[in-house]
Amino acid sequence: MSSSIVVPVIDVHSNNFKELWPAMVVAIKTSSFIAIDTELSGLGNRKSLLAESIEDRYKAICHAARSRSILSLGIACYKKLDQKPPDSYLVQVYNLTLLCSEEYIIEPQSVQFLVQHGFDFNKQYGSGIPYCKGNNKGGSDDRGVHIRTLFTELLRARKALVLHNGLIDMAFLYQSFYAHLPERLATFTADLSEMFPAGIYDTKYVTEFELRLTASYLEYAYKKCKLENSRSVTSGSAGPHVHLEFCQYAGDLSTYVDYRQCPAVTSIEGHTDVCQRFSAFGWCPNGTKCPLSHDTDLIILQDEKCKDEKRKKRKRRREKKGASDIAEDCSTFDGTPKDKIPNMEADEEEAAGDQMEAHEKSRTDGNSRMDDGWDTKTDDEEENGVGEETNPGDSAASAGEGTGVRSAESNAEAKKKADAGSHRAGFDAHMTGYIFAYSSDAESEESWLPVCVNKIYLSGKAAPLNVVKSTFAKSSKAHVQKMEMVWGQKM
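How each quantity is defined
- Residues numbered from 1 in each chain as written.
- Predicted model: local features only at pLDDT ≥ 70, side-chain atom pairs only at ≥ 80, totals over all residues.
- Heavy atoms only, no water.
- Axes fitted to C-alpha atoms, helices over the stretch in contact; angles between N-to-C directions.
- Helix = DSSP H or I, 4+ residues; strand = E, 2+ residues; numbered from the N terminus.
- Parallel < 35°, antiparallel > 145°, perpendicular 65-115°, else oblique.
- Contact = heavy atoms within 4.5 Å.
- Nonpolar A, V, L, I, M, F, W, Y, C, P; charged D, E, K, R; others polar.
- Disulfide = S-S within 2.5 Å.
- Buried < 20%, exposed > 50% of the residue type's maximum accessible area, 1.4 Å probe, protein only.
- Phe/Tyr/Trp six-rings, centres within 6.5 Å; stacked < 30°, edge-to-face > 60°.
- Lys NZ or Arg CZ within 6 Å of the ring centre and 35° of its normal.
- Salt bridge = Lys/Arg side-chain N within 4 Å of Asp/Glu carboxyl O.

Peer 1: Would you take a moment to explain the packing of helix H5 (residues 147-157) against helix H6 (residues 167-177) for this structure?
Peer 2: Two numbers describe a pair of packed helices, the interaxial angle and the distance between the axes. Closest axis-to-axis distance for the H5/H6 pair is 9 Å, and the angle between their directions is 120°. By the criterion of interaxial angle, the relationship of H5 to H6 is oblique. Every residue of H6 that contacts H5 at Ile147, Arg148 and Phe151 is listed here: Leu173, Ser176 and Phe177. The class makeup of the residues in the contact of H5 with H6 is four nonpolar, one polar and one charged.

Right, here's the structure in full:
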């Protein structure tokens, strides 16, 4: 098929935060769009997060954001490159380990899952970047080297913000780095619409309603998009293809980089023991004890094989009946394997999986996140198309001293050190950004997926949450004060 690639993820903590600060700020300011992901200490009562009333859901999310904390923050900056093939990006990925300075709840299941997948709590408590939640405490958010100041820089950059199943992420970001969450959902969405004037994009919504993939959990969507992009590049078909370039980090900076390997897609031959629950939703109640395969590469290839078989059967049926004028028997879920559960049939467990996907942004090496039936995102990633993610010697400008575009030789060295097993919010942010880059196909930054802008996916709902300022809702007072500080103007 094609070779695997290596994604450099810069590990940021309190000991190197000041050193990396200039590079991060430049990366944010010069990016075309920014993808975000979080790892959280818990969510509380899951059933409340799935309430029929969206307002009730929001109240449950607010309670979680106020009582829990962000453990790590992933930021992937995608910069569209000029004088390059269309849809070529320089990608810089940061994984920030954080430590809330206030008391917060951490749930045993979250700890267990994170530890199982490489999260280092000793490192977090020893060198996590400190922060205080809610309204600003002790100094201005626009000065100094603090995580809240970095969030302010993100707002000032006025770039499109991309998340995957992002409602919970947005609430935690707001509460942790901005201000106390408003009591009403309409006020919250009004604030968000002004905080991110370039728009908020949810790749969960994009994959469900725009790309209409068979499944929409992060790992599946990422691998599917990369596979399609690879095939398009290899076949030489017309139209833009996503090409990625990564920075080369020299000297001391190289010691801060974790290299995330994306293995090539494996063959489907001889493998049919796919877990249909995991195949549809990205999670399985049996977790690692499940005897069936949770390999997303296999799931994607099997989905495609079944889809081709159904297409051939329809064609034979039409030819046999001579009914070419009869509409094809197509449905939203056509092409899925036999007995596979459609991912848009939102039963309670599936919707619960979406909520966990939104909050923990977890990837395993193909295994379920926890044994309570929550959605998973994995990161034993994926196949790379020819010319898809390139490693030229010296093209795009880097975002910090000692960086440059990764060469093929240095990429080979990095591949030896690549780690595909530990837990990284940064890599999830990269996957989220890739899905957006693949699906947007925009000529300019002003035309990113206009049909999907400011639409956040809601589990079990046919319509998304619209991030708009309603004529019946005002911005919160805390937000108005923040905007005066951020942009020096009244809203």
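Once you've had a look at it, read on.
Peer 1: Please explain the state of the cysteines as it appears in this structure.
Peer 2: Where two cysteines share a covalent bond between their sulfur atoms, that bond is called a disulfide. Taken as a whole and judged by the stated rule, the model has zero disulfides. Cys132 provides the cysteine sulfur closest to Cys100, a residue in no disulfide bond, and the two sulfurs are 6.8 Å apart.

Peer 1: How should I be thinking about unusual backbone geometry in this particular structure?
Peer 2: Trans peptide bonds make up the majority, and among non-glycine residues the majority have a negative phi. Positive phi is not limited to glycine here, since Gln83 has a value of about 55°. Relative to the helices and strands, Gln83 is located in the loop between strand S3 (70-80) and strand S4 (88-100). Even without a glycine there, the phi angle at Asn165 is positive, about 55°. Residue classification places Asn165 among the buried residues on the basis of a relative accessible area of 3%.

Peer 1: What should I look at first to understand the packing of aromatic side chains in this one?
Peer 2: When we look at a pair of aromatic rings, we describe it by the centre distance and by the angle of the planes. Applying the stated criterion across every chain, the model contains 18 aromatic pairs. Between Phe33 and Tyr89, the ring centres sit 5.8 Å apart and the planes meet at 70°, which makes this aromatic pair edge-to-face. Placement of Phe33 in strand S2 (residues 33-40) and of Tyr89 in strand S4 is noted, with a sequence separation of 56 residues between them. For the pair shown, Phe33 and Tyr89 are each scored as buried. Grouped by ring-pair contacts, the aromatic residues Tyr58, Tyr131, Phe151, Tyr174, Phe177, Tyr178, Phe188 and Phe196 constitute a single cluster. When the ring centre of Phe427 is taken as origin, the NZ or CZ atom of Arg260, which lies over that ring, is 5.8 Å away.

Peer 1: Quick question: what am I supposed to make of the pattern of salt bridges here?
Peer 2: Two side chains that carry opposite charge are able to pair once their charged atoms sit near each other. This model, assessed by the stated rule, comprises 13 salt bridges. A salt bridge links Asp87 to Lys80; the nearest nitrogen and oxygen atoms lie 3.6 Å apart. When the shortest N-O distance is used, the salt bridge between Lys223 and Glu219 registers 3.2 Å. Here Lys223 pairs with Glu219, and both are found in helix H9 (residues 218-235), just four residues apart, close to one helical turn. Here Lys223 and Glu219 have matching classes, each one buried.

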